[in-house]
Structure formats: structure tokens, C-alpha cells
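Tertiary structure, described
What follows is the residue order along each chain.
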Amino acid sequence: MAETGATASRNRRTLILLLAPLTILLGVFFLIPLGIMVVYSFLEPGLYGGVEWNWYPYNYGRLIGWPLNDYEVFDPIYLKIFLNSLQIALMTVAGTLLLSYPAAFWVASMKGPRKSLVLFLVALPFFANMLVRIYAWLLLLRPTGFLSTLLESTGLIIEPLDLLFTNFSVIVGMVYVLTPFMFLPIYANVEKLDYSLVRASRDLGATNVQTLWRIILPLTAPGIIGGSVIVFIPALGNFIVPSLLGGSKVQMTGNLIERSFLQSRDWPFGAALALLIMAFVVVLFSLQFSRQSKSEGQGTR
Amino acid sequence: MDGFLQIRSATKMYRTPEGGSIRALDDVTLHIRSNELISLLGPSGCGKTTLLKCIAGFEDLDHGDITLTGQSLTRIPAHRRPFNTVFQNYALFPHLTVERNVAYGLDVAHVERKERTRRVGEALEQVGLAGFGARMPNQLSGGQQQRVAVARSLVLKPKVLLLDEPLSALDRKMRESMQIELKSLQHSVGITFIFVTHDQEEALSMSDRVAVLASGKVQQLASPKEIYDEPQNEFVANFVGTSNIFKGKVIAKEGRTLTLKTANGRELAVASDRFGVGDDACAVLRPEHLKLSGEARDRAIKGTVTQSVFVGSEMHLHVDVGLGRTAVVRHRHNKGSTEAAYGPGADVTLYYTPEAAHVIECKGA
Ligand SMILES: Nc1ncnc2c1ncn2[C@@H]1O[C@H](COP(=O)(O)OP(=O)(O)O)[C@@H](O)[C@H]1O
Ligand SMILES: [Mg+2]
């Protein structure tokens, strides 16, 4: 008895020691900067950058429609930009999902070296700089670019096609950048899907469509949800893609934050903006996860 | 001939990853009757699952056809055939409760709710799982999962139930009670069960008829008793039960009694209607046909015990009888009897009657 107690406390000490580096890392590089941001978001912006140490809730006020009279105005543009970002992020999730889901089944059905090759190809873009890869899309999509000239030469269009600096071009870029993040979790899920369940469903009289809806989708839902989360969050905050492929016409919250910090040097406003978006994402996913754990608590695992 | 489910010259090839091809089914012809429990028995890899998949419609035949009461099934897809399968690993849907699992086939067929509830309840009752409807599959024991799989199929009232080694994952006790249960279930629902197994004891104890398969071919289709007593060839004799097989040439024939001369010169008297002088033949003697004591009309073989194995109810003696193979003899021992007499090295005389031996053709005596 005494011995097991001693073992337990030794185990706990080892655990604390093992967790220490991670705790310090998170504290120094995540919690402290986050704390600074929270503090800054409630401070008054200085006239030439920097901050004045005064209580100043109007950074948030500007965003949610409760501005300091005369001095700062509520501009619905922020709300519009946010809604547009949300739309782009959702479209990106949809786009990556539509590409990745069938692809995952296709790759999972492959065998041997071919499968390894395809999986390697999926990971390949990570080795090249993102800026360069997005810049390549700029060349493809601009009016004198590959896509437009190709369509013109086939006679499908008469005028040069200007796809650049639209929501469409931004979504294309986002889908391109984020597809591997959707593909991999779905693939991991599909790979371990027990095919005999599909056969059982057919055996019990289900059509292919019924099997997809009742068996395959529910069983691969964890992969779909996981992939959607890790695509949605970076899509919402991404500023490289919209600034290259969206130009000044497509604004996303990512650009707004970037501009507040780097150009207008209004750190409190940038911090407030970033924190609001973070809060939005956190609330969204805590709702999702509490629902999920509730339904799992009912039985399955 | 009852023309219920007929399989004619069924042949199925598979491509191997190495680029060759393999005949999983080779000219299989089987006539399966209505309301019988028929076993497909054979070693692993002999094509049992393949045959079941072809019947269910998951695989297409390369040659031959399958008909149900005279109608070809070739063009009927799996989900429209009046057959259901109990899969080797049960294949229960892990995200659905027992009740929803059993209701699945009715759900996809849009059966009306009241009738669905009634039939699901009935099916669960049939397999002794009333009250388990709300459980998830992973909250059930192996035997219970098995029953859910059976209920899920039976609820659709199929004409044939296909079972692919349904008991192989269960422990021995469970397996034996499930064998009895499945047999009586088959009896009470009154449909054909096609039961795949590699366990010869299971096949013999449950089936109305047994089809023995080896390397994609049907070796014998007969009642369990016939399979055991009159195996058609060496494979069946070896695979089903323990056999002592002695190869030889017929050197004399007198009425039904043949004299078989083995390669090392010993002579064996056996009874058979077939075979003539000069033919190669194999004599099959079951362990229970070899006795350690005999009557006047019995034939005797002398030999030496090489090994004696205690299995509880009896002793298995391995006896070198100088026929190229050791013979296995079963000896019921009595409590307190002296076993030393049958220990390794002991000389024994084995007795058998020529009628007990079953004579089959054999290749290359
Ligand atoms: N999809 C397949 N592709 C290639 N070979 C297969 C396939 N399915 C089965 N086989 C081969 O066919 C033979 C029969 O298999 P199977 O019917 O599963 O045997 P059993 O169920 O009797 O153990 C085996 O040699 C197996 O390797
Ligand atoms: Mg099998």
C-alpha cells in the first residue's frame, strides 16, 4: 500500500517535470503575449502609434457599434469585412471538402507504392514557400494569364477574363493552400473505415446513396469535422492570400488586423479586432464540442 | 431434384497482386434445397467466402450461373436479392444502437413505423435479445453481437441466410451453445441457412448436408453421416475426422472382400463393391474402428505404440503398424486401470472388421 502511494507520488513528480517545458513554452510564447494583447485592446491609441495608458473601451466600440462620440465613428465596414471573411472561410471549407472527400476514398483504395507517392504529393506543397505558390496563381488568373488565354484560344470567351481580385480568386487561393489540411484528417478517417460495413449495408438492401448518408458519412464525420476546423480557422485569419489575390478589392479581417498593426500603427484597435475574432472562433467551437461530447456521452465511446 | 438454389459450374478468378490469377472457385456445382442447413466446409483459402459472396451478389462469376427457383440471379444486384448475410466479423454499424441496427434493412426499405417496431421487437426476441435495443454494439459480448447480426438479417425475412464463419470468433463454450441455437433458429424460421465453417466438427453437428470444398472445388456433398462414413476421396477422409489411410494395390478379390497389399508388403483385408484385382486403392479406417481386443472374425494388425496422448475421456494411441503411417486408436480408459500396458514401446494387436473399412480411389499408391 505504502509502496503504491510512493510510486504514485513519484509518478506525479515525473509528470510535472515532463510537463514543465511545455507549460513554460505555452506561458512565455502564448499566454503572456495574449495577456499583453488583452491589456492593449483596452488602452487608448497614441497619436503617433504606441499607447496612452488610459481605460478606453472604444476600440471594441468602433467594431460593434458603440463608438466614442465625435472622436471615433462606428463604421459598418468592419462588420461587412467580417461577414465577407466568414463567407470566404466557409466557401473555402466547402471547396476543400468537395475536393478532399472523394479524393480520400480514391487514395484509400490505392495500393502499395502508388499510394505512398500520392500521399507524398499531397504533402509536397509544404516544402515550397507559400508566397511563391500564391504568386503562381496570380500569374494563372490574371487577364493575360494562362487560364484566360487558354479559354480565349478555345473560343469559349471573347474578352480576356479578369478573375483576379475577386472573392473567387481569393477562395481559389485559399482552397489551394488549405486542401492538404482537409485531406489528411479525412483520409486518416476513411482509411480505417471498415469496408465490410458498406457491404453489410448493401446486403440489407440499401442503395449506394442510402449507404453514403446512413453509414459512410456518419462514420467519417470526425474526419470531416476535424478537417473543417483546421481549415476554417486559418482561412478566417489568413491575410497573405487576400492581399495577393484579392488586392484592395477583397478585404478580410486578416488584412485589417495586419494593417492596424503595421500601417496605421493602431495597436489597440488591431488587438481588439484580433481578440474579437478569436472569441468568435472559441465560442463557435466550444458549442460544437460540447454538443459532440454530449452525443458521445449517450453511448458510443 | 429440388430446384431451389442452384449453382452451376461456378468459376471465379482473382488477379493476384503479383499479376497472376487464381481460381477461387473452380467449376462448382451445388444444388441447395429449401429449408435446409447446409455447411460449406473447407480449409482456409479454399473459396468458401468467395462462393458466399457470389451467392449474395457481391462478386460476379466468370463462368456458370446461379438460379433461385429457376430464375437466374446474374443480373440482380446484391441489394435486391432475397438473401442476407451474417458477416465473419458481424459488421454491426458501430454508430447505431442495437435497435437501429436491426431496423436498418426496414428503414432503407421505408417500412412504416409501426410495422418496423413490431418486426424489430420480434427479431430481437427470436435471438434472445429483447431489452437490449438501446445498447450500442460495443457494449455487447461477442455472442450478443453475433445474435444482433442474425436478427438484423432475419428481420428482412430472407429466403436464404448466408453465414460466413459466424462462430469462429467465439470461445468454445459459447460456440457450442450458439451452434445449437442457430440450428433450432433455422428450424423455427424455416428458411435455408448456408453456413460456412472450417471446423469439421461444427459442420457435422449442425448441418443437414455438408459440402466439402478444397482449392475451389466441391469434394463431396452429402449428409454429415455419409461424409464421415463414406468419404469420397482422400481429402475428405483426411479433413473430416481423424482417418487412418492405408494405400495399396488390390491383389485378390473374393466376394466383397479385397486383399490390399501395401507398399511395404503387408496385407490388409477390406470390404468393398468397387475395385478389381490390380487397382490402386486406399483403405480408410476411423480410429474407433480399430480396437485393442477382438472377436474371432476380426482381422488383426500387429504394431508398436509410439505415443499415447491423454485427452480426458479417452487415450489416443499412435501405433506404428508398419504400413508407412502410424495409426491412431482411441482407447476408453477406466479409472484406476493400468495404462502402462499401452505406453510408448508396448506391442499391441489392433482388430478391425473388413466391413468397417471404407475403400476409396487414391492417386499414386
Ligand atoms: N479480392 C481478392 N483478390 C484476390 N484474391 C482473392 C480475393 N478474395 C479472395 N482471394 C483468394 O481467393 C482464395 C479463396 O478465398 P476465400 O474465398 O476468402 O477463402 P475462404 O473463405 O475459404 O478462407 C484465396 O486464395 C484468396 O487469397
Ligand atoms: Mg473466409
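Residues numbered from 1 in each chain as written. Chains lettered and ligands numbered in written order. Predicted model: local features only at pLDDT ≥ 70, side-chain atom pairs only at ≥ 80, totals over all residues. Heavy atoms only, no water.

Comments concerning the overall build of chain A
Tallying secondary structure elements over chain A gives 12 helices and 2 strands in all. Computed over its C-alpha atoms, the radius of gyration of chain A comes to 25 Å, more than 25% above the 19 Å expected for a compact globule of 301 residues. Considering only C-alpha atoms, chain A reaches an extent of 85 × 70 × 35 Å along its principal axes. Taking the intrachain contacts of chain A between residues at least 6 apart in sequence as the baseline, contacts between residues at least 24 apart amount to 62%. Carbon and sulfur atoms form 71% of the exposed surface of chain A, whose accessible area is close to 17,700 Å². Of the charged side chains in chain A, 20 are positive and 15 negative; the average position of the first set lies 14 Å away from that of the second. (Helix = DSSP H or I, 4+ residues; strand = E, 2+ residues; numbered from the N terminus. Rg over C-alpha atoms; globule rule 2.2 N^0.38 Å. Contact = heavy atoms within 4.5 Å. Areas by Shrake-Rupley, 256 points an atom, 1.4 Å probe, with all protein chains shown as cover. Lys, Arg positive; Asp, Glu negative; His and termini not counted. Charge placed at Lys NZ, Arg CZ, Asp CG, Glu CD.)

Some thoughts on the interface of chain A and chain B
Across the boundary between the two partners, chain A contributes 20 residues, which contact 26 residues of chain B. Across the chain A/chain B interface, buried area totals approximately 2,000 Å², and carbon plus sulfur atoms make up 61% of it. Counting the surface chain A buries against chain B, the share from its top three residues, Arg199, Asp203 and Leu204 of chain A, is 35%. At the boundary of chain A and chain B, one finds 0 salt bridges. Residue assignment for the side of chain A that touches chain B shows that the elements contributing at least two residues are helix H8 (195-203) and helix H9 (208-237) of chain A. (Buried area = accessible area lost by both parts, 1.4 Å probe. Salt bridge = Lys/Arg side-chain N within 4 Å of Asp/Glu carboxyl O.)

Examining the site of ligand 1
Residue and element names in this part refer to chain B. The environment of ligand 1 is formed by Tyr14, Arg15, Ile22, Ala24, Pro43, Ser44, Gly45, Cys46, Gly47, Lys48, Thr49 and Thr50. At 2.5 Å from an oxygen atom of ligand 1 is found a side-chain nitrogen or oxygen belonging to threonine 49. Note that an oxygen atom of ligand 1 is positioned 2.5 Å from one of the side-chain N or O atoms of threonine 50. Protein contacts shield 65% of the accessible area of ligand 1, which totals 560 Å² for the unbound molecule. Of all the secondary-structure elements, those providing two or more residues to the shell around ligand 1 are strand S1 (5-15), strand S2 (21-32) and helix H1 (48-56). Element by element, the count of residues in the shell around ligand 1 is highest for H1, at 3 residues. Each residue belonging to the shell around ligand 1 can be placed in one class, and the counts come to 5 nonpolar, 5 polar and 2 charged. (Near = heavy atom within 4 Å. Polar contact = N/O pair within 3.5 Å; in protein donor to acceptor, adjacent residues only side chain to side chain. Nonpolar A, V, L, I, M, F, W, Y, C, P; charged D, E, K, R; others polar.)

Considerations on the environment of leucine 236 of chain A
Residue and element names in this part refer to chain A. Within the secondary structure, leucine 236 is located in helix H9. Its relative accessible area of 1% is what places leucine 236 among the buried residues. Between the C-alpha atoms of leucine 236 and methionine 174, which are 62 residues apart in sequence, the distance is 10.0 Å. If sequence neighbours within four positions are ignored, leucine 236 has contacts with Ser85, Leu86, Ala89, Met252, Thr253, Gly254, Ile277, Phe280 and Val281. (Buried < 20%, exposed > 50% of the residue type's maximum accessible area, 1.4 Å probe, protein only.)

A look at the pairing of strand S13 (residues 267-271) of chain B
All names here are of chain B. With 4 of 5 residues buried, S13 is to be regarded as a mostly interior element. Strand direction decides the pairing type here: strand S12 (residues 257-262) and S13, joined by 5 bridges, are antiparallel. Each residue of the ladder has a partner; that of threonine 259, found in S13, is alanine 269. The turn linking S12 back onto S13 is made up of 4 residues, and glycine 265 within it adopts a positive phi angle of 90°. (Pairing = 2+ DSSP bridges.)

Observations concerning the side chain of aspartate 164 of chain B
On the secondary structure map, aspartate 164 of chain B appears in strand S7 (residues 160-164). Buried and without a salt bridge, aspartate 164 of chain B has arginine 199 of chain A as its closest oppositely charged side chain, separated by 6.7 Å. Polar side-chain contacts of aspartate 164 of chain B include one of 3.1 Å to the side chain of threonine 49 of chain B. Setting aside residues no more than four positions away along its own chain, aspartate 164 of chain B makes contact with Thr49, Leu52, Val86, Phe87, Gln88 and Val196 of chain B.

Focus on the sheet that holds S13 of chain B
Residues and elements named next belong to chain B. Reading across the sheet, the 5 strands line up as S13-S12-S11-S14-S19 and stay open at both edges, with antiparallel pairing between neighbours. The sheet terminates laterally at S13 and strand S19 (358-360), the two strands that pair on one side only. Going across the sheet, the axis of each strand differs from the next one's by a mean of 45°, ignoring polarity. Across 6 bridges, the pairing between strand S11 (residues 244-254) and S12 is antiparallel. (Axes fitted to C-alpha atoms, helices over the stretch in contact; angles between N-to-C directions.)

Side note on the sheet that holds strand S16 (residues 315-320) of chain B
Residues and elements named next belong to chain B. If you walk across this open sheet you meet the 4 strands as S17-S16-S15-S18, and the pairing is antiparallel. At either end of the open sheet lies a strand with only one pairing partner, and these are strand S17 (326-331) and strand S18 (347-352). Here the strands of the sheet are splayed against their neighbours by 50° on average, with no regard to which way each runs. Across 6 bridges, S16 lies against S17 in antiparallel orientation. Looking at the pairing, valine 319 lines up with alanine 327 of S17.

Structural measurements only, silent on function.
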